[in-house]
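# Per-entry structural report
Each chain, letter by letter, is given below.
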Amino acid sequence: MAGAAVLERLTVPRAPVVWRLARVREISHAATSAVTIVFDLDDWPGHRAGQHVDVRLTAEDGYQAQRSYSIASAPEDPTLAITVERIDDGEVSPYLTEVLDVGDEIELRGPIGGHFTWRVSDGGPLLLVAGGSGLVPLMSMLRHRAAQASDVDARLLLSARAVGDVFYRDELAGLDGVRVDITLTRSQPPGWGGLARRVDAEMLRELGPAPETNPRVYVCGPTSFVENAADLLVALGHEPHTIRAERFGPTGS
Amino acid sequence: MDLWLDGNGVAGMLTEALGEDVTDTERRCPSCGDTWALGAYRAYRGAGVVLRCPGCESPGLRVVEVREGFSVAWGAGPAR
């Protein structure tokens, strides 16, 4: 076996996967080109903050398209919410952001993924780094923290192109006991007093917490954003295995 | 730039193929000896999905959808 790539191969039958019909209860704007869709679901098993769902659309001719979307709502919420950013040449997001209406039903399955999750009982300090729509699963964590009235040290760095691309802007401003740093990389509104450059080492050092405090680190965003942020965090002294990352490809499609 | 995701991002397909969520399952890479959760593996999509060790890029798991279900292959040795 030494020296050769050996792959044990087997064919397994498809495991039964539960697709559920989810009825749209409410749609609201989360940012200029993003909407939050709230669903009513029967028999939802509950989720952990950070997990996602797969959404499946079926055309009249039977063609199916499937995408993953992070859950935005807290586990404590009675309804399930996702936030979807419109990708102009996307196959699924234009439908979800512009065609879907209250009362419609779509298919989804989940919750999916047990690795990129955080519970209050996991403790902190909590360091969250988001690029654009990568904020969504991290927001679920912050909403979970708030719902549990937790005082875990929590800090968020959000990088967005412009102020209109900042998801949940009002809610971020009102988070209790969470340090929120926002950097706007492409354009800033008049009077913007916040950060205005790509995420760099100084930004992360200033935000903290120090690696010595063993923070739980979650980074989510486009692949290049996550690569950059994770490399910077490792260079600052964070142990690579403590950094949990979720990448969603080049543009977040 | 390579277009890769994490094991997390393809967890739905992995669950379908393996019958359970494996993203939090730790795997020791036979090539480099490093241990990572499968959710932290690099996921490359092509005809199916290949998960590569974040430490050394050796293929750790290959899942391809086939007519009867899924073809699942675990990497058991060093990368070519």
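Everything below is about the structure printed above this text.
The following refers to the structure shown. (Residues numbered from 1 in each chain as written. Chains lettered and ligands numbered in written order. Predicted model: local features only at pLDDT ≥ 70, side-chain atom pairs only at ≥ 80, totals over all residues. Heavy atoms only, no water.)

### Considerations on the side chain of Asp54 of chain A
Its place among the elements puts Asp54 of chain A in strand S4 (residues 52–58). A polar contact is formed between the side chain of Asp54 of chain A and the side chain of Ser68 of chain A, at a distance of 2.7 Å. Within polar-contact distance, the side chain of Asp54 of chain A engages the side chain of Arg109 of chain A at 2.9 Å. Excluding its chain neighbours within four sequence positions, the residues that come into contact with Asp54 of chain A are Trp19, Gln66, Arg67, Ser68, Glu107, Leu108, Arg109 and Ile112 of chain A together with Gly12 of chain B. (Helix = DSSP H or I, 4+ residues; strand = E, 2+ residues; numbered from the N terminus. Polar contact = N/O pair within 3.5 Å; in protein donor to acceptor, adjacent residues only side chain to side chain. Contact = heavy atoms within 4.5 Å.)

### Details of the pairing of strand S7 (residues 69–75) of chain B
All names here are of chain B. Within S7, six of the seven residues are buried, which leaves the element mostly enclosed by the surrounding structure. Here strand S6 (residues 59–66) pairs with S7 via six bridges, running antiparallel. Note that in S7 the partner of Glu65 across the bridge is Phe70. (Buried < 20%, exposed > 50% of the residue type's maximum accessible area, 1.4 Å probe, protein only. Pairing = 2+ DSSP bridges.)

### Describing the nonpolar core
All names here are of chain A. Residues Leu135 and Leu172 are the most contacted members of the largest nonpolar core, which totals 31 residues. Sorting the residues of this core by element identifies strand S2 (20–31), strand S8 (126–131), helix H2 (135–147), strand S9 (154–160), strand S10 (178–184) and strand S11 (216–221) as the ones contributing at least two each. A per-element tally of this core places H2 first, with six residues. When near neighbours in sequence (up to four residues on either side) are disregarded, Leu172 contacts Leu135, Met139, Leu156, Leu158, Val166, Phe167, Val180 and Ile182. (Core = buried A, V, L, I, M, F, W, Y, C linked by side-chain atoms within 4.5 Å.)

### Looking at the pairing of S4 of chain A
Residues and elements named next belong to chain A. Where burial is concerned, most of S4 is hidden: six out of the seven residues are buried. Taken together, the seven bridges between S4 and strand S5 (residues 64–70) define a ladder with antiparallel strand orientation. Bridging across to S5, Arg56 finds its partner in Gln66. Connecting S4 to the antiparallel partner S5 that follows it, the hairpin turn spans five residues, and Gly62 within it adopts a positive phi of roughly 95 degrees.

### Digging into the pattern of salt bridges
Residues and elements named next belong to chain A. Counted by the stated rule, this structure contains 21 salt bridges over all chains. Among the ionic pairs, Arg161 bridges to Asp165, the shortest N-O distance being 3.4 Å. Taking relative accessible area as the criterion, Arg161 reaches 36% and is therefore assigned partly exposed. Overall, the relative accessible area of 16% leaves Asp165 in the buried class. Here Arg197 ties to Glu202 by a salt bridge, and the two come within 3.8 Å at their closest N and O atoms. The exposure class of Arg197 is partly exposed, given its relative accessible area of 30%. (Salt bridge = Lys/Arg side-chain N within 4 Å of Asp/Glu carboxyl O.)

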